[in-house]
Amino acid sequence: MKRSWFYLFIVWAGVAGALSAAPLPHVELLRMIPDRANVLLVADVQAVYKSPLAQRESWQDTQPLPLLPPQMSEVVLGARFDPLNPQANALRVGVGRLRQPVTMDELARRENGAVETIAQRQAVLSARNAYFVQLDRFGTMGLLAPANRQELARWVRFTLNNPQVILSEFLQESDAATGKDVPIMLAVDLSDTLSPQAIRARLAGLKVAKESTANLDALAKVLASLQGVRLAVRIDDKINGELTAQFGENAEALNSIALPLLQEILAKRGMQMDDLDGWKVDVREKQIVFSGALSDTGLRQVLSLVQLPAPATGEAGPLTKEVKVGATQRYLNSVGSILKDLKKINSKPRNYDSIVVWYEKYADKIDHLPTYNVDDDVVKYGLDMASKLRAVAASLQGEAVSVVNLEASKSIVVAMQPSAGYFSRYYNGGGTSMATNVPQASIQQADVLNKGVDARNTIWRYIDDQSAGLRQALRSKYGVDFQ
């Protein structure tokens, strides 16, 4: 099964031993998130596993949503997110509670690191560019990524001295919406980030806006007042998502184009989500609510935007064949699950750059998977797969640049020509001539796109061949099947 940033919290418990102190109130986790965070993720993991769907399908054993391991009780994550550059990996911090404790010494061993004291708290530097830290004597553990010792020290001191929740009003309201019926909530505060002038200019380049009869200035005014978006995930007999966009202006002007506009904006940012097809739209004065079914893949796509590296989980004690096979199988299944998600995302015809972010984020996921006790050849395979996904992303990005440049190069030149007279056999019917490179540029664009598709198909064939060959080699090496 695929591991994700949630698995960091599997190791976040009782560093001084298995402490039996009563759990801290939920607000204690929230107050540890600094106010510079504009993204908040809250998950009540145990509520997920108590849902009818989880009970019926034995999620405790199968874990179809490995982003939420059953060892967790709850997590709170804060991060910075730039909507104009979603591929950027900004500073992320997280706090959480676990049902299973692990000592910092054991964590250091699994991460090939050492326990040190930073700002009067025990911490471990992970080889995967992250810090684990013990935040209090009750076993509340934290993580900071990317790893920066000075940032960690500042954050730890903040958690020690900050007495109350200082997140934005929008994020606090979003957290209040989390409960037993909404076990997963992701919110992004977008207040004061959007310029009406910049939005107006971008709207002019969007197909949905061009085809709409709505006034673009009115649309820009509404969109510039966007205060934030929150995704509430409900799990009963199936997974359902409710995405709420909160505006400062009345959003009625967006009523007829809200969903296609959202889909085109996401595609332009390289974050196209097929799950949104067919979602219902409800405009409520200053809110637009999108709702519909959410797949496992769709949920993983959303959460990958704020992912953290996975911890080194696995069995302690002597390394036996059984332990190594188990760790290798888990790692291989995680990589396989990531590739399966991307194949599903890649399966539908789409614009050249509409899914580039997912390739980058999923390559990061592979890099962050725990390799503790994993077969060396399988680790090399995983890193190779990550490099191939980045090659696909580079292909998509390069393709996008080439196509845009060719589009900008298109020109039509109309010139006045002197008339040869009424009786001339060369009379051109108006004294004008036209020169254009549009047909040639269009042919070049098609050639770029075709070559890009061929290159990506070649990479995917390589991925399939390498995956099948590795599983066969492992079966011969260990005498067991690697599914």
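Draft legend 1. The nonpolar core, seen in detail. Ranked by internal contacts, the top residues of the largest apolar core, which has 93 residues, are Leu203, Phe247, Tyr359 and Leu389. Core analysis: the second largest hydrophobic core is formed by 29 residues, Ile33, Leu91, Leu167 and Phe170 among them.

Draft legend 2. The arrangement of the packing of aromatic side chains in detail. Across all of its chains, the model carries 2 aromatic pairs by this definition. Aromatic side chains tyrosine 359 and tryptophan 460 sit 6.5 Å apart centroid to centroid with 65° between the ring planes, which places their arrangement in the edge-to-face category. Note that tyrosine 359 is positioned in helix α14 (residues 356-368) and tryptophan 460 in helix α16 (residues 438-478), a separation of 101 residues in sequence. As far as burial versus exposure is concerned, tyrosine 359 and tryptophan 460 are alike and both buried. Centroid distance tyrosine 478 to phenylalanine 482: 6.0 Å. Interplanar angle 50°. Geometry classified as tilted. Neither residue differs from the other here; tyrosine 478 and phenylalanine 482 are each classed as buried. The ring of tyrosine 362 carries lysine 365 above its face, with NZ or CZ at 4.5 Å from the centroid.

Draft legend 3. Quick look at the sheet that holds strand β3 (residues 92-98). Pairing is antiparallel across the open sheet formed by 12 strands, whose spatial order is β4-β5-β6-β7-β3-β2-β1-β8-β9-β10-β12-β11. Each edge of the sheet is formed by a strand with only one pairing partner; in this case those strands are β4 (115-118) and β11 (280-284). Taking each pair of neighbouring strands and ignoring which way they run, the sheet shows an average axis angle of 20°. Note that strand β2 (residues 72-79) and β3 share 7 bridges and pair antiparallel. By the bridge assignment for β3, methionine 72 is matched with leucine 98. Against the sheet, helix α6 (residues 149-161) touches β3, β4, β5 (121-126), β6 (130-134) and β7 (141-145), its axis set at about 60° to β4.

Draft legend 4. Seen up close, the environment of serine 334. Its place among the elements puts serine 334 in helix α13 (residues 321-346). In this structure, the C-alpha to C-alpha distance between serine 334 and isoleucine 366, residues 32 residues apart in sequence, is 8.0 Å.

Draft legend 5. Inspection of the packing of α13 against α14 at higher detail. Put simply, α13 and α14 touch, their axes get as near as 10 Å, and they point 175° apart. As summarised for this structure, α13 and α14 are arranged roughly antiparallel, according to the angle between their axes. Between α13 and α14, the residues in contact are Tyr331, Val335, Ile338, Asp341, Leu342, Ile345 and Asn346 and Trp358, Tyr359, Tyr362, Lys365 and Ile366, respectively. Grouping the amino acids of the contact of α13 with α14 by side-chain chemistry returns 9 nonpolar, 1 polar and 2 charged.

Draft legend 6. Region of interest: helix α11 (residues 258-268). Taken together, the buried positions of α11 are Ala258, Leu259, Leu261, Leu262, Glu264, Leu266 and Ala267. Contact partners of the buried residues in α11: α8 (196-203), α9 (207-211), α10 (216-224), β10 (239-247), β11 and β12 (287-293). After α11 finishes, the residue glycine 270 shows a positive phi value of roughly 75°.

Quick notes on the rules
- Residues numbered from 1 in each chain as written.
- Predicted model: local features only at pLDDT ≥ 70, side-chain atom pairs only at ≥ 80, totals over all residues.
- Heavy atoms only, no water.
- Core = buried A, V, L, I, M, F, W, Y, C linked by side-chain atoms within 4.5 Å.
- Buried < 20%, exposed > 50% of the residue type's maximum accessible area, 1.4 Å probe, protein only.
- Phe/Tyr/Trp six-rings, centres within 6.5 Å; stacked < 30°, edge-to-face > 60°.
- Helix = DSSP H or I, 4+ residues; strand = E, 2+ residues; numbered from the N terminus.
- Lys NZ or Arg CZ within 6 Å of the ring centre and 35° of its normal.
- Pairing = 2+ DSSP bridges.
- Axes fitted to C-alpha atoms, helices over the stretch in contact; angles between N-to-C directions.
- Contact = heavy atoms within 4.5 Å.
- Parallel < 35°, antiparallel > 145°, perpendicular 65-115°, else oblique.
- Nonpolar A, V, L, I, M, F, W, Y, C, P; charged D, E, K, R; others polar.

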